[in-house]
Amino acid sequence: LRLRNLELEVTKRTYRQRRIVRKELPLQQYLNMKVTSLVTFLFAVGSIDGFVVPQHNVVAQPNSCLFGSVSEVSPFVQGPRIICDELPVVYVYDHCPFCVRVRLAMGVKNVKHIVQFLANDDIPTPTKLIGKKIAPIFGIPEDDLIMGESLDIIEKVDSDDRFGATGQILPTTGRKDIKAWQKSVQILLRTLQRPRYVATGLIPEFQQIDGRHAFIKNHQLPPYEKPEWKGDGTDENPGMPMEEKLKLYAEAMSMDPTSLIEDLNAKLIELDDLIYSEHHCSEGGLSMDDIDLWSRLRSITIVKGIQWPTKLRGYMHNLSELGDVPLYDEMAL
């Protein structure tokens, strides 16, 4: 818009100057011609923020990481689009990392599928499908198949040639360093992410108050543990009253998150040192390491003010595009 306004102002002056040496043309017609040319130019050069993917809070870091010597890595080569006559269906909660695993794997394999978001308080739908309230749930209509468990679903999809070449996603490498990192940020992420899930009002499973309250009822905030939050159904331990849970979530959302965000930013720098490249986290290619890690990292993008190291931010962006699973940047709180 700034460039357009500047162009229009310059154009008006140029028009006034040229009126004395050329046949007069109505001003609005002349402006329309110039604006059309400007827009064509901007599309061609791609130099305006509105025409490129925005970069969110990227911080360049010194190249001192474990894999710092890696200079060039080939990205995953995606196969052709797979469109079945009856599309497979994935029943999910948008925030759930186990659900994201399946969505990411389906996207990586370029399999068109239906994403059915479940409300967080919806018990009948998953119970009818698989016998209990759980997600993800995967369905192949032509086989009359319904199954659960994210890793089992991914194994099924990547071993069935109806969904493209098999074995495209490499097996897990069993990296203990990444698992240790994930464990080290568990409390920090719960503190930052859980209140924001229900506060945005934009995540599908939380768009109604019943869904938000169902989540708050069952998901404790640190330092509380699940038994004292939920109770065990007995008179001796009925759990925390719902009013108190709502109060704690509201307080967590209203607190100044600066120190927590600083801690998380430092942990992301640690992780940046651990990932192999912007295209896959472990040497050898895209694997189940990525399916798990990226699915857990995605929820961090709901936290406003996070400073992503360059390589790690590239990793988040690349797998988001490859898997066709959007990040939360634009709704971050």
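That block above? That's the structure.
Only a predicted model underlies this, so the values are computations on that prediction, with no experimental measurement involved. Going along each chain's sequence as written, the residues are numbered from 1 onward. A pLDDT threshold of at least 70 governs which residues receive local features in this predicted model, and a stricter bar of 80 or more applies before side-chain atom pairs are shown or counted, although totals over entire chains, interfaces and linings include all residues. Computation of side-chain values covers all heavy atoms of the structure but excludes hydrogens and water.

## Considering the layout of surface pockets
In this structure, the largest pocket spans a volume of roughly 1,100 Å³. The pocket and cavity definitions rest on a 1 Å grid over protein atoms only: a 1.4 Å probe that fits but cannot leave marks a cavity, an open set with protein on both sides within 12 Å along at least five of seven lines marks a pocket, and residues lining either have an atom within 4 Å of a point. What lines the largest pocket is a set of 37 residues, and nearest its centre among them are H95, P97, F98, R194 and H219. In this text, helices come from DSSP runs of H or I with a minimum length of four residues, and strands from runs of E with a minimum of two, each type numbered from the N-terminal end. Those elements that provide at least two residues to the lining of the largest pocket are α3 (97-108), α6 (176-184), α7 (186-199), α8 (209-218), α9 (226-230) and α12 (288-297). For the lining of the largest pocket, the leading source of residues is α7, giving 6 residues. Class assignment for the residues of the lining of the largest pocket results in 16 nonpolar, 11 polar and 10 charged. Grid points are joined across faces, edges and corners, and a volume is the space filled by probe spheres set on the points. Note that Gly is not counted as nonpolar here; it falls among the polar residues with everything else outside the nonpolar set of Ala, Val, Leu, Ile, Met, Phe, Trp, Tyr, Cys and Pro and the charged set of Asp, Glu, Lys and Arg.

## Points about the pairing of strand β5 (residues 145-148)
The pairing criterion for strands is at least two bridges between them, as found by DSSP. Of the strand pairs in this sheet, strand β4 (residues 137-140) and β5 are connected by 4 bridges, and their pairing is antiparallel. Across the sheet, the residue bridging to F138 is M147, located in β5. Counted along the chain from β4 to the antiparallel partner β5, the turn is 4 residues long, and its residue D144 has a positive phi close to 55°.

## Focus: the nonpolar core
Counting 72 residues, the largest nonpolar core has W294, L297 and Y315 as the members making the most contacts within it. For this core, the element with the most residues is α3, which contributes 7 residues. Definition of nonpolar core: a set of buried residues of the types Ala, Val, Leu, Ile, Met, Phe, Trp, Tyr and Cys, connected through side-chain atoms within 4.5 Å. In this scheme, a residue with accessible area under 20% of its type's maximum is buried, one over 50% is exposed, and one in between is partly exposed, where area comes from a 1.4 Å probe on protein chains only.

## Quick notes on α6
If you check which residues of α6 are buried, you get I178, W181 and Q182. Taken down its axis, α6 places every buried residue within 100° of arc, on the same side. Of the exposed residues in α6, those oriented more than 90 degrees away from the buried face are K176 and K183. Arc, as used here, means the arc of the directions from the helix axis to the C-beta atoms.

## Concerning the packing of aromatic side chains
Working definition: rings of Phe, Tyr and Trp (its six-membered ring) pair if their centres are within 6.5 Å, and the pair is stacked with planes under 30 degrees apart, edge-to-face with planes over 60 apart, and tilted otherwise. Tallied over the entire structure, the rule returns 4 aromatic pairs. Only when the NZ atom of a Lys or the CZ atom of an Arg is both within 6 Å of the ring centre and within 35 degrees of the ring normal do we say a charge sits over the ring. The lysine or arginine in question, R298, covers the ring of Y328, its NZ or CZ lying 4.3 Å from the ring centre.

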